[in-house]
Amino acid sequence: RDQYSRVLGVCFDERTGKDLNEAMVVSGEAVAYVQFSKAYAGDEAQAMQDHRGLWQGQFQKPWEYRKMKRNAPKSTVKAPTKYVVSDNKKVKEAKAEFELPEEFLDADDAE
């Protein structure tokens, strides 16, 4: 468990035994949370070097965002207006896939 009593674990595909956490980090769809484990640090470094998934563009790691949000006055932290989607989908397609509210679209992304 982490400091907030959340359960930390490794997910496996029941049929193949494949480590799904590793697969997501390797493909750039997740980042290694090295504060808890360095198990996927090498996979993340390779994904970063190969510009896979999230590493195709710039993004803020979740723990960095949470720290910024915790330390900032409430009025200065705003939700991002665009999302980088790793397989180059347009934001409006991502919105539909992840059911993001309309305010996360900007004028360029609206239909």
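Owing to the predicted nature of the structure, the values given are computational and were not obtained by experimental measurement.

A. Region of interest: the side chain of Lys61. Inspection of the secondary structure assignment puts Lys61 in the loop between helix H2 (41-49) and helix H3 (62-71). What Lys61 contacts, discounting residues up to four positions off in sequence, is Glu44 and Trp55.

B. Region of the structure containing unusual backbone geometry. For Ser5, which is not glycine, the phi dihedral falls at a positive 70°. Examined against the element boundaries, Ser5 turns out to sit in the segment before helix H1 (20-26). Owing to a relative accessible area of 48%, Ser5 belongs among the partly exposed residues under this scheme. At His51, a position not held by glycine, the phi torsion is positive, near 55°.

C. Representation of the pattern of salt bridges within the structure. Enumeration according to the criterion identifies 3 salt bridges in this entry. Residues Glu44 and Lys61 are paired through a salt bridge, measuring 3.8 Å at the closest nitrogen-oxygen approach. Note that Glu44 is positioned in helix H2 and Lys61 in the loop between H2 and H3, a separation of 17 residues in sequence. Using a relative accessible area of 8% as the deciding quantity, one classes Glu44 as buried. Its salt-bridge partner being Asp50, residue Arg52 comes within 2.5 Å of it at the nearest N-O pair. On the basis of relative accessible area, Arg52 is assigned to the partly exposed category, the value being 26%.

D. Inspection of the side chain of Asp19 at higher detail. The topology assignment puts Asp19 in the segment before H1. In this structure, Asp19 is buried with no salt-bridge partner, the nearest side chain bearing the opposite charge being Lys18 at 9.2 Å. Looking at Asp19, its side chain comes within polar contact range of the main-chain nitrogen of Glu22, at 3.0 Å. Not counting the four nearest positions on each side in its chain, Asp19 is found in contact with Val10, Cys11, Phe12 and Tyr40.

E. Structural view of the environment of Glu29. Assignment of secondary structure puts Glu29 in the loop between H1 and H2. You can call Glu29 partly exposed: its relative accessible area is 41%. Here the alpha-carbon distance between Glu29 and Arg52, two residues 23 residues apart in the chain, equals 8.1 Å.

F. Molecular detail of the packing of aromatic side chains. Applying the stated criterion to the full structure yields 3 aromatic pairs. A ring pair is formed by Trp55 and Phe59, whose centres lie 4.9 Å apart and whose planes are at 70°; its orientation type is edge-to-face. Using a relative accessible area of 13% as the deciding quantity, one classes Trp55 as buried. On the accessibility criterion, Phe59 (29% relative accessible area) is partly exposed. Aromatic ring contacts, followed pair by pair, group Tyr33, Phe36 and Trp63 into a single cluster.

Calculation criteria
- Residue indices begin from 1 for each chain and proceed along its sequence in written order.
- Local features in this predicted model are restricted to residues whose pLDDT is 70 or higher, and side-chain atom pairs enter the listing and the counts only when it is 80 or higher, whereas totals over whole chains, interfaces and linings include all residues.
- Only hydrogens and water are set aside; all other atoms, that is, all heavy atoms of the structure, feed into the side-chain values.
- Only DSSP runs of H or I with at least four residues qualify as helices, and only runs of E with at least two residues qualify as strands; both kinds are numbered from the N terminus onward.
- Working rule for contacts: check all heavy atoms of both residues, and any pair within 4.5 Å makes them a contact.
- Accessibility here uses a 1.4 Å probe with only protein chains present; expressed as a share of the type maximum, an area under 20% marks a residue as buried, one over 50% as exposed, and anything in between as partly exposed.
- For salt bridges, the criterion is a side-chain nitrogen of Lys or Arg within 4 Å of an Asp or Glu carboxyl oxygen.
- Positive charges come from Lys and Arg alone, negative charges from Asp and Glu alone, with His and the N- and C-terminal ends not counted.
- Residues adjacent in sequence count toward polar contacts only when both atoms are side-chain atoms; beyond that, a polar contact is any pair of N or O atoms within 3.5 Å, and within protein one must be able to donate a hydrogen and the other to accept it.
- Only the six-membered ring of Trp is used, alongside the rings of Phe and Tyr, when aromatic pairs are assigned; centres must lie within 6.5 Å, and planes under 30 degrees apart are stacked while those over 60 apart are edge-to-face, with the rest tilted.

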